[in-house]
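# Chains, contacts and geometry: an overview
Letter by letter, the chains look like this.
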Amino acid sequence: MPVITNIEDLRVLHKKRTPKMFYDYADSGSWTESTYRSNETDFQKIKLRQKVAVNMENRTTKTKMVGQDVFMPVGLAPTGLTGMQHADGEILAAKAAEKFGVPFCLSTMSICSIEDVAENTTAPFWFQLYVMKDRGFIERLIQRAKNAKCSALVLTLDLQILGQRHKDIKNGLTAPPKLTIPNIINMMTKPRWCMGMLGTQRRSFRNIVGHASGVGDMSSLSSWTAEQFDPALSWDDVQWIKDLWGGKLIIKGIMDEGDARLAVESGADALIVSNHGGRQLDGAVSSIHALPGIVNAVGREIEVWMDGGIRSGQDVLKAWALGARGTLIGRPFLHGLGAMGEAGVTKCLEIIHKELDITMAFTGHRDIQNVTKDILYPGTF
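Anyway, here's the lowdown on the structure attached to this text. This is a predicted model, so every value here is computed, not measured.

### Details of the overall build of the chain
When helices and strands are counted, the chain shows 17 helices and 10 strands. The C-alpha radius of gyration of the chain comes to 20 Å, within 12% of the 21 Å expected for a compact globule of 381 residues. With respect to the three principal axes, the spread of C-alpha positions in the chain is 65 × 50 × 40 Å. Considering the chain as a whole, with its 381 residues, one finds that 56% of them fall into the buried category. Put simply, 73% of the contacts in the chain that link residues at least 6 apart link residues at least 24 apart. Total accessible area on the chain is roughly 16000 Å²; 53% of this is exposed by carbon and sulfur atoms.

### Quick look at helix H13 (residues 257–265)
Among all positions of H13, only Ala260, Ala263 and Val264 are buried. The arc that holds every buried residue of H13, seen down its axis, measures 100°, which confines them to one face. Residues of H13 that are buried sit in contact with helix H12 (235–245), strand E7 (248–254), strand E8 (270–273) and helix H14 (287–298). Its side-chain oxygen placed 2.8 Å from the backbone nitrogen of glycine 258, aspartate 256 serves as the N-cap of H13. Looking one or two places after H13, you find glycine 267, whose phi comes out positive at around 90°.

### Details of the packing of aromatic side chains
Enumeration according to the criterion identifies 5 aromatic pairs in this entry. The interplanar angle of 25° and the centroid separation of 5.9 Å between the aromatic rings of phenylalanine 22 and tryptophan 193 together place this pair among those described as stacked. Of this pair, phenylalanine 22 sits in helix H2 (residues 20–26) while tryptophan 193 sits in helix H10 (residues 191–198), and the two are 171 residues apart along the sequence. Judged on exposure class, the residue phenylalanine 22 and its partner tryptophan 193 are both buried. Pairing phenylalanine 71 with phenylalanine 100 gives two aromatic rings, centres 5.6 Å apart and planes at 80°, and the pair type is edge-to-face. One end of the pair, phenylalanine 71, is in the loop between strand E2 (68–70) and strand E3 (74–76); the other, phenylalanine 100, is in helix H5 (residues 89–100), and 29 residues separate them in sequence.

### Side note on the side chain of aspartate 357
Mapped onto the elements of the fold, aspartate 357 is located in helix H17 (residues 342–362). Judged by its relative accessible area of 14%, aspartate 357 is buried. With residues up to four places along the chain from it excluded, the contact list for aspartate 357 reads Arg59 and Thr61.

### Here we look at the sheet that holds strand E5 (residues 126–129)
In space, the 8 strands of this open sheet follow the order E3-E10-E9-E8-E7-E6-E5-E4, with parallel pairing throughout. Edge positions in the sheet fall to E3 and strand E4 (105–106), since each has one partner strand and no second. Two strands pair when backbone bridges link them, and E7 and E8 are joined in this way by 4 bridges, in the parallel orientation. Paired with isoleucine 254 across the strands is valine 273, a residue of E8.

### Regarding the pattern of salt bridges
Within this structure, the stated rule accounts for 16 salt bridges. Residues glutamate 40 and arginine 311 are paired through a salt bridge, measuring 3.7 Å at the closest nitrogen-oxygen approach. Residue glutamate 40 is located in helix H3 (residues 34–45), and its partner arginine 311 is located in the loop between strand E9 (303–307) and helix H15 (313–321); the two are separated by 271 residues in the primary sequence. Assessed through its relative accessible area of 29%, glutamate 40 is described here as partly exposed. A relative accessible area of 16% places arginine 311 in the buried class. One connected set of salt bridges, linked through shared partners, spans Asp88, Asp116, Arg202 and Arg206.

### Quick look at the layout of surface pockets
When its volume is computed, the largest pocket comes out at roughly 1200 Å³. As for the largest pocket, its lining consists of 49 residues, of which Tyr25, Leu81, Arg165, Leu173 and Arg279 are closest to the centre. Going through the elements one at a time, H2, helix H8 (166–171), helix H11 (221–228), strand E10 (327–329) and helix H16 (331–340) are the ones with two or more residues in the lining of the largest pocket. When residues in the lining of the largest pocket are grouped by element, the largest group, 4 residues, is from H11. Classifying every residue of the lining of the largest pocket gives 24 nonpolar, 17 polar and 8 charged. If you add up the space inside the second largest pocket, you get close to 400 Å³. Lining the second largest pocket we find 19 residues, and of these Leu157, Asp158, Gln160, Gly253 and Asp259 sit closest to its centre. Mapped onto the lining of the second largest pocket, the elements with two or more residues apiece are H12 and E7. For the lining of the second largest pocket, the class distribution of residues is 10 nonpolar, 6 polar and 3 charged.

### Quick word on the nonpolar core
One finds Leu271 and Leu291 to be the most contacted residues of the largest nonpolar core, which totals 105 residues. Ranked by size, the runner-up nonpolar core spans 13 residues in total, among them Val66, Ala77, Ile250 and Leu328.

### Observations concerning the packing of H16 against H17
Packing of H16 against H17 leaves a shortest axis separation of 6 Å and a crossing angle of 140°. It follows from the interaxial angle that H16 and H17 lie oblique. Like other packed secondary-structure pairs, H16 and H17 cross with a definite hand, here right-handed. Every residue of H17 that contacts H16 at Pro332, Phe333, Gly336, Leu337 and Met340 is listed here: Glu342, Ala343, Gly344, Val345, Lys347, Cys348 and Ile352. Residues belonging to the contact of H16 with H17 are distributed by class as follows: 8 nonpolar, 2 polar and 2 charged.

Calculation notes
- Residues numbered from 1 in each chain as written.
- Predicted model: local features only at pLDDT ≥ 70, side-chain atom pairs only at ≥ 80, totals over all residues.
- Heavy atoms only, no water.
- Helix = DSSP H or I, 4+ residues; strand = E, 2+ residues; numbered from the N terminus.
- Rg over C-alpha atoms; globule rule 2.2 N^0.38 Å.
- Buried < 20%, exposed > 50% of the residue type's maximum accessible area, 1.4 Å probe, protein only.
- Contact = heavy atoms within 4.5 Å.
- Areas by Shrake-Rupley, 256 points an atom, 1.4 Å probe, with all protein chains shown as cover.
- Arc of directions from axis to C-beta.
- Polar contact = N/O pair within 3.5 Å; in protein donor to acceptor, adjacent residues only side chain to side chain.
- Phe/Tyr/Trp six-rings, centres within 6.5 Å; stacked < 30°, edge-to-face > 60°.
- Pairing = 2+ DSSP bridges.
- Salt bridge = Lys/Arg side-chain N within 4 Å of Asp/Glu carboxyl O.
- 1 Å grid on protein atoms, 1.4 Å probe; cavity = no way out; pocket = protein on both sides within 12 Å on 5 of 7 lines; lining within 4 Å.
- Points joined across faces, edges and corners; volume = space filled by probe spheres on them.
- Nonpolar A, V, L, I, M, F, W, Y, C, P; charged D, E, K, R; others polar.
- Core = buried A, V, L, I, M, F, W, Y, C linked by side-chain atoms within 4.5 Å.
- Axes fitted to C-alpha atoms, helices over the stretch in contact; angles between N-to-C directions.
- Parallel < 35°, antiparallel > 145°, perpendicular 65-115°, else oblique.
- Left-handed = near helix turned anticlockwise from the far one by under 90°.

Bear in mind that shape data such as this cannot, by itself, settle questions of function.
Structure follows, in structure tokens:
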């Protein structure tokens, strides 16, 4: 086992241990991947102001996200096909998040179902919803999330149509993978992954198969998903979903100040500044670039969070300093999961927390809630 010191170490191990099509699914963006790359590189341009001879004792990174106590302002983002990075991946990630004291959000397009995660955890988790044309299925999905005691609904608005991701097309991405000769050869080099998959029955989209009308097996799923994402989605639908849900509502996919205003008017409890990890509109600005304007526009009226490009605890602190009162990580925890299962997700969270804690101390603060943009050098953000 190599010594793991940062998220990049987990990424390298993830790539070695997971079949190519699923690693590529996690580590890719749309078209030229320019937005995917700028999400990360724009963080690196922001510079920190070091302070010395300040009391660094008794530090805390604790805060709240939509009223929920969190050990640090970081949650595990909803990511599709998580259970293909490692057997029972959503369950393992949710367990790691629960033990660490941070939120976990389950994707509509998960491999493990809402019920699977609920049966294997005790802390309430969040559920992320894609809006489909089949409104009856959406109603049932929301009710299932209620039955599972999910504490918040994360409504994703930036996937009305699917951005083209070249790697997924070239790899012929499916879940489970088709047993083609290239796939078989590649999987033979990933024995840990194969053994894990042989030991579970969770290998398809269990929130959908057997629950959506006309989807009884995998042969009908691909055509259903291609037809069901709703390009006519509007803010009227958001109101309908809010009324149907009746609990904490988080709007994900906001990159425009006007849309942020509409999110406030919808009555949402939080919004997430997000370009879907650079997987939708290639050529859009990075999430961290869009964050300050949206905070200035609506930050006094709604909790503003962000995701996209976070690879360290320093990135979390920079986002907080620019006004984000929560962050979500996707690829970092997937790298940990693919590398080492639940222990890898825990390692990811430990790395990010340690980097956040130490960087906060070096910038002269003991409590994250007192951190402001004064820790950043002017002209670098």
